[in-house]
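Each chain, letter by letter, is given below.
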Amino acid sequence: MKNYEYTTTGVCAKQITFGIDDNGKLHDVKFLGGCPGNTIAVGKLSEGKDAKEIADILRVNPCGNRGTSCADQLAKAIDGALSAA
């Protein structure tokens, strides 16, 4: 499994860490900061799921007037990780 670290922009969470295994499955999604109820739920719901599918679901999911959200930032982080692989 390859581990990733992503510095967020425009949200309360400062960083996201996660792993993607050799089968493209997402693991150990953790947010540093943000709304704990939401970020923990996103991590639990994405555990073991296809990384690309999770990114497609979470992409362009705004939080208020920010134009992004912690979930959207995770999608961007996954997109970057998958394109770098």
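To be clear, the structure that these remarks concern was listed above.
### Description of the pattern of salt bridges
Any two side chains of opposite charge can pair, given that their charged atoms come close. Scanning the model with the defined rule gives four salt bridges in all. Here Asp79 makes a salt bridge to Arg59, at a shortest N to O gap of 2.8 Å. Placement of the pair is Asp79 in helix α3 (residues 70-84) and Arg59 in the loop between α2 (51-58) and α3, with a sequence separation of 20 residues. A salt bridge links Asp72 to Lys76; the nearest nitrogen and oxygen atoms lie 3.8 Å apart. Of the two residues, Asp72 and Lys76 are both situated in helix α3; the distance of four residues between them amounts to about one turn of the helix. You can call Asp72 buried: its relative accessible area is 3%. Put simply, Lys52, Asp56, Arg59 and Asp79 are held in one network by salt bridges that share partners.

### As for the state of the cysteines
Overall, the coordinates contain zero disulfides when judged by the stated rule. Residue Cys12 stays outside any disulfide, its sulfur separated by 5.7 Å from that of Cys35, the closest cysteine.

### Quick word on the environment of Thr7
Residue placement: Thr7 occurs in strand β1 (residues 2-7). Residue Thr7 is classed as exposed on the basis of its relative accessible area of 57%. For the pair Thr7 and Arg66, spaced 59 residues apart in sequence, the C-alpha separation works out to 16 Å. Beyond its immediate stretch of four places on either side in the chain, Thr7 contacts Lys14 and Gln15.

### Describing the environment of His27
For His27, the position within the fold is in strand β3 (residues 26-32). Distance in space between the C-alpha atoms of His27 and Gly43 is 8.1 Å, their sequence separation being 16 residues. Apart from residues no more than four positions distant in its own chain, His27 is found in contact with Met1, Phe18, Gly19, Asp21, Glu47 and Gly48.

### Concerning the packing of α2 against α3
At their nearest, the axes of α2 and α3 sit 8 Å apart, and the two run at 140° to each other. Between α2 and α3, the angle falls in the class oblique. In this structure, the crossing between α2 and α3 has a hand that is left-handed. Along its contact with α2, which presents Ala51, Lys52, Ile54, Ala55 and Leu58, the element α3 presents Ala71, Asp72, Leu74, Ala75, Ile78, Asp79 and Leu82. Of the residues belonging to the contact of α2 with α3, the class tally is nine nonpolar, no polar and three charged.

Calculation notes
Residues numbered from 1 in each chain as written. Predicted model: local features only at pLDDT ≥ 70, side-chain atom pairs only at ≥ 80, totals over all residues. Heavy atoms only, no water. Salt bridge = Lys/Arg side-chain N within 4 Å of Asp/Glu carboxyl O. Helix = DSSP H or I, 4+ residues; strand = E, 2+ residues; numbered from the N terminus. Buried < 20%, exposed > 50% of the residue type's maximum accessible area, 1.4 Å probe, protein only. Disulfide = S-S within 2.5 Å. Contact = heavy atoms within 4.5 Å. Axes fitted to C-alpha atoms, helices over the stretch in contact; angles between N-to-C directions. Parallel < 35°, antiparallel > 145°, perpendicular 65-115°, else oblique. Left-handed = near helix turned anticlockwise from the far one by under 90°. Nonpolar A, V, L, I, M, F, W, Y, C, P; charged D, E, K, R; others polar.

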